[in-house]
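# Structural characterization, general
Here is what each chain is made of, one letter per residue.
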Amino acid sequence: MTGQPLFPDIEPPKTDERPVKDTHHGNTRIDEFAWLRANNWQEVFKDPSVLDSAIRVHLEAENVYQAAMMADTADLRKQLFDEMKRRIKEDDSTVPMKDGPFAYGSSYKKGGEQPRFFRTPRDGGAEEIILDGDAEAEGKAYFRIGGSDHSSDHRRLLWAFDDKGSEFYSLRVRDIATGRDMGDEVPDTSGGGVWNAANDGFLYTRVDENHRPSKLFFHALGADVAQDRLVYEESDPGFFMDVDGSRTNEWIFVSINDHETSEFRLLRTDDPTATPKLVAARETGLQYDLEEGGDVFFILTNADGAKDFKIMTAPVPDPARPNWRELVAHKPGRLILSLLAFKDFLVRLEREDGLPRIVVRDRATGAEHSISFDEEAYSLSLLGAYEYDTAIMRFSYSSMTTPAQLFDYDMRTRERTLLKTQEVPSGHDPDHYVTQRVVAPSHDGELVPVSLIYHRGTRLDGSAPALLYGYGSYGITIPAGFNTNILSLADRGFVYAIAHTRGGKDKGFSWYEDGKREKKTNTFLDFVAVARHLVSAGYTSHDRIIAQGGSAGGMLMGAVANMAPDAFGGIIAEVPFVDVLTTMLDDTLPLTPPEWPEWGNPIASENDYRMIASYSPYDNVSALDYPPIMAVAGLTDPRVTYWEPAKWTARLRARKRGTNPVLFKIHMDSGHAGASGRFSRLEEIAYVYAFALKVVGRMNWEKLA
């Protein structure tokens, strides 16, 4: 590192300490910063102006402080933003997907922040804009479009928007012919809906005051929303409910799930207010998903010990579990991620040996063939099709050096048609970069996969800085796909690394199980092991590693900061879930009951309490010499509430040793996803990248050729 980080000597905000005690299972904790949690948080999510004035003053002081500490990065941030913006095709457009007489897609206009939705005649022709996100967002500090679904008669568009960042979406119905919204507006939904067969009404889930989608309603067009019919209600606060439709427009799927158990109920689109038909009653640990297949349902499930999932079928008249029959057997180590059914084919996305592939099955003969690629690390997405009776399906491919490629694939002839390659207007030469897949030995001998990209001119002698990204929860796998933003770091000599720690499903379902609940610390130890391996292999040195993670990945950041502060030169924690124990003890919060299968229930179990307390970042802050830390959050975030990082940064400052700063940037008009516009989001990325460059002393580093 070229000297210490040049942060100015500015006094951080002083956070009042107002100790509050709570006792569970005979254990008493004192939380001196509990007052930062607004008592009226439900109201704040919908109307941020009602936030308690003392809390607002403190949060605004945090923003003033971090802005002053980062003031000398203004030119660098602008440079980074301009670079990243130049890599975006400003008037980019998707390749429209065919559905009946039309093909539907989305696009951006030059300078536009929000997407536009359009359609063309099926085989090409003039674009018809059916929803202009920029026009809808005009005058709003925050705006995000949720779901959008055209009716099967192609006359109307059901669409959702959130203008607070709190994910309370309003649904509207647009008459496509006139381009105007009808009088129907349904507030407080989870962001989507499903049309009935007659296209004169739709089903949707309503979000309660605690942000839980527990009620399914039917809305008839033109009717008073207050009179919408309740179709089904989920009484268990530990389960979330969602509603989706089939591509034949015959079925409505009501899915009810937490992180380890699922249940489906069915409705026909021509009878949407009937009592939903149960497929298989929930059993703890049983997961299944449904896909329509004409006279059968295809079922992706872990039933009967199929840890990495298998595919079964069930007859449409009676799809109850006793009638399930195996079609694709379970194979340990091959994780089936998703499936998509067509009239003549069944397609599945699976992962084996850490890499994804698409497998196409002929429904008549059972013959299978796969679509795979040869790079060391890559990302593959199954995009499917609108239509059921077709032999053409769509997928996308990218790697850390290869821009995204979109293909149509003929499942019958096996012909692959390249529709589009992601454009990088400022230019991109893949030969300038090296991508690798390496493994790092963890504390118990497990080998943790690591995806790497760096500029070919980077010296791998320990002098290069590195940004190490991690997540490691909920079974989510971070893909090794193309990301134009990270090129700004690679061009400045950074090694960019993704640690595929336990808690994801990178190496199968067991990889996930070995990073949750009582085994959660494996996630943290894996991440630290990756950092140490990057150093021992000569990629970087510890004081040059910037760790980054968001949401549950932000919890990872807080945990490794406590566990191994010497392993990192800096830490970026975005919307960080750092007050795990307090949140899991508060069953009024939006995600707490559904999260118990992932983390444990400290209310009911003393063992779970002690386990979470052993790693919860907020509870384990101590007198350590922490590296520079930046936390980023949103005031109206219903997933990771703003007070978690607010309390965490306050406690870090109060207890830590050393002079390294702790910065907290809070967006006062957005939520979990951050800024809503595509360019506003780039400004956020430029900010945290500037922090990384500042910490490692490369603010003025000349880019590699």
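A short tour of the structure in this document, coming up. (Residues numbered from 1 in each chain as written. Predicted model: local features only at pLDDT ≥ 70, side-chain atom pairs only at ≥ 80, totals over all residues. Heavy atoms only, no water.)

### Observations regarding the packing of helix α7 (residues 521-536) against helix α8 (residues 552-563)
Two numbers describe how α7 lies on α8: the axes approach to 10 Å, and their chain directions differ by 70°. Between α7 and α8, the interaxial angle falls into the category roughly perpendicular. In the packing of α7 onto α8, the handedness of the crossing is right-handed. Here α7 contributes Thr523, Phe524, Leu525, Phe527 and Val528 to the contact with α8, which in turn contributes Met555, Leu556, Met557, Ala559, Val560 and Met563. Taken together, the residues that form the contact of α7 with α8 break down as ten nonpolar, one polar and no charged. (Axes fitted to C-alpha atoms, helices over the stretch in contact; angles between N-to-C directions. Helix = DSSP H or I, 4+ residues; strand = E, 2+ residues; numbered from the N terminus. Parallel < 35°, antiparallel > 145°, perpendicular 65-115°, else oblique. Left-handed = near helix turned anticlockwise from the far one by under 90°. Contact = heavy atoms within 4.5 Å. Nonpolar A, V, L, I, M, F, W, Y, C, P; charged D, E, K, R; others polar.)

### With respect to the packing of aromatic side chains
Remark: the centre distance and the inter-plane angle together describe each pair of aromatic rings, the angle taken between the planes. Under the definition given, this model contains 29 aromatic pairs. Look at Phe264 and Tyr288: their rings are 5.5 Å apart centre to centre, the planes differ by 45°, and that puts the pair in the tilted class. Separated by 24 residues along the polypeptide, Phe264 in strand β16 (residues 262-268) and Tyr288 in strand β18 (residues 288-293) bring together distant segments of the chain. Judged by centre distance (6.3 Å) and plane angle (65°), the rings of Phe395 and Tyr409 are edge-to-face. Residue Phe395 is located in strand β27 (residues 392-399), and its partner Tyr409 is located in strand β28 (residues 405-410); the two are separated by 14 residues in the primary sequence. What makes Tyr409 buried here is its relative accessible area of 3%. One aromatic cluster is present, built from ring pairs that chain together Phe373, Tyr378, Phe395, Tyr397, Phe407 and Tyr409. Sitting over the ring of Phe217, Arg206 keeps its end group 4.0 Å from the ring centre. Directly above the aromatic system of Phe239 lies the positively charged group of Arg282, at a separation of 4.4 Å from the ring centroid. (Phe/Tyr/Trp six-rings, centres within 6.5 Å; stacked < 30°, edge-to-face > 60°. Buried < 20%, exposed > 50% of the residue type's maximum accessible area, 1.4 Å probe, protein only. Lys NZ or Arg CZ within 6 Å of the ring centre and 35° of its normal.)

### Concerning the sheet that holds strand β22 (residues 334-341)
One open sheet holds the four strands; their spatial order is β22-β23-β24-β25, and the pairing between them is antiparallel. Either end of the sheet is taken by a strand with one partner, and the two such strands are β22 and β25 (368-371). For this sheet the average axis-to-axis angle between neighbouring strands, irrespective of direction, equals 25°. For strand β24 (residues 355-362) and β25, the ladder comprises four bridges, and the chain directions are antiparallel. Each bridged residue has a counterpart across the sheet, and for Val360 the counterpart in β25 is His369. (Pairing = 2+ DSSP bridges.)

### Some thoughts on the layout of surface pockets
In this structure, the largest pocket encloses a volume near 520 Å³. Around the largest pocket, the lining comprises 24 residues; the ones closest to its centre are Pro12, Tyr65, Lys656, Thr659 and Asn660. Ranked by residues supplied to the lining of the largest pocket, first place goes to helix α12 (residues 643-655) with three residues. (1 Å grid on protein atoms, 1.4 Å probe; cavity = no way out; pocket = protein on both sides within 12 Å on 5 of 7 lines; lining within 4 Å. Points joined across faces, edges and corners; volume = space filled by probe spheres on them.)

### What about the environment of Ala686?
In this structure, Ala686 sits in helix α13 (residues 678-695). Among the residues examined, Ala686 registers a relative accessible area of 1% and is labelled buried. For the pair Ala686 and Leu327, spaced 359 residues apart in sequence, the C-alpha separation works out to 49 Å. Once residues lying within four places of it in the same chain are set aside, the contact partners of Ala686 are Arg77, Leu80, Phe81 and Met84.

### Thoughts on the packing of helix α3 (residues 74-86) against α13
At a closest axis distance of 8 Å, the pairing of α3 and α13 adopts a crossing angle of 130°. Between α3 and α13, the crossing angle belongs to the class labelled oblique. Once α3 is placed against α13, the crossing between them reads as right-handed. Along its contact with α3, which presents Leu76, Arg77, Leu80, Phe81, Met84 and Lys85, the element α13 presents Phe679, Leu682, Glu683, Ile685, Ala686, Tyr687, Tyr689, Ala690 and Leu693. Considered class by class, the residues forming the contact of α3 with α13 number twelve nonpolar, no polar and three charged.

### Some points on empty space enclosed by the protein
Any empty space left between the atoms is revealed when a probe the size of a water molecule rolls over them. All told, the structure shown has three cavities of 30 Å³ or more when counted by the stated rule. Of the voids in this model, the second largest cavity is the one considered here, and its volume is about 50 Å³. Contributing to the lining of the second largest cavity are Tyr471, Gly472, Ile476, Thr477, Ile478, Ala499, His500, Thr501, Gly504 and Asp506. Here the lining of the second largest cavity is composed, by residue class, of four nonpolar, five polar and one charged.

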